[in-house]
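Architecture at a glance
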Amino acid sequence: MAEGPGYVPFDCAPGLRLAAHERVAAIQHEHLCQRLDQMEELMQRLEKRLWLTVYGVAAVILAQAFQSLVVVAP
């Protein structure tokens with residue numbers, strides 16, 4: 001409709017509902033991105049701990065092997 005003299009533009013209910021839905025979707029997307037970033041940080045820390053455990057086990061095995069060699073050949 002053309003705007004005539006004295007007509008004030010107004011927002012219709014479906015348009016307002018759509019805008020509200022878009023805002024909610026944007027907030028949910030932002031929250032999801034934050035959670036994914038947190039999970040990525042947690043996975044990186046877990047990976048570091050895993051590698052420390054692997055290196056620790058390897059060090060213990062090598063230390064035991066070295067100790068057995070020292071005991072055999074004094």
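A few points on the structure.

Criteria and thresholds
- Residues numbered from 1 in each chain as written.
- Predicted model: local features only at pLDDT ≥ 70, side-chain atom pairs only at ≥ 80, totals over all residues.
- Heavy atoms only, no water.
- Helix = DSSP H or I, 4+ residues; strand = E, 2+ residues; numbered from the N terminus.
- Buried < 20%, exposed > 50% of the residue type's maximum accessible area, 1.4 Å probe, protein only.
- Areas by Shrake-Rupley, 256 points an atom, 1.4 Å probe, with all protein chains shown as cover.
- Patch = residues over 30% accessible without salt bridge, like charges linked within 9 Å, V, L, I, M, F, W, Y side chains within 5 Å.
- Salt bridge = Lys/Arg side-chain N within 4 Å of Asp/Glu carboxyl O.

Counting its secondary structure elements, the protein contains one helix and zero strands. Counting all 74 residues of the protein, 0% fall into the buried class. Accessible surface for the protein amounts to roughly 7,400 Å². Of this, 68% is attributable to carbon and sulfur atoms.

Together, L50, W51, V54 and Y55 make up an exposed nonpolar region whose accessible area comes to about 450 Å². Relative to the elements of secondary structure, V54 occurs in helix α1 (residues 13–72).

Geometric descriptors of this kind do not, in isolation, establish any biological role.
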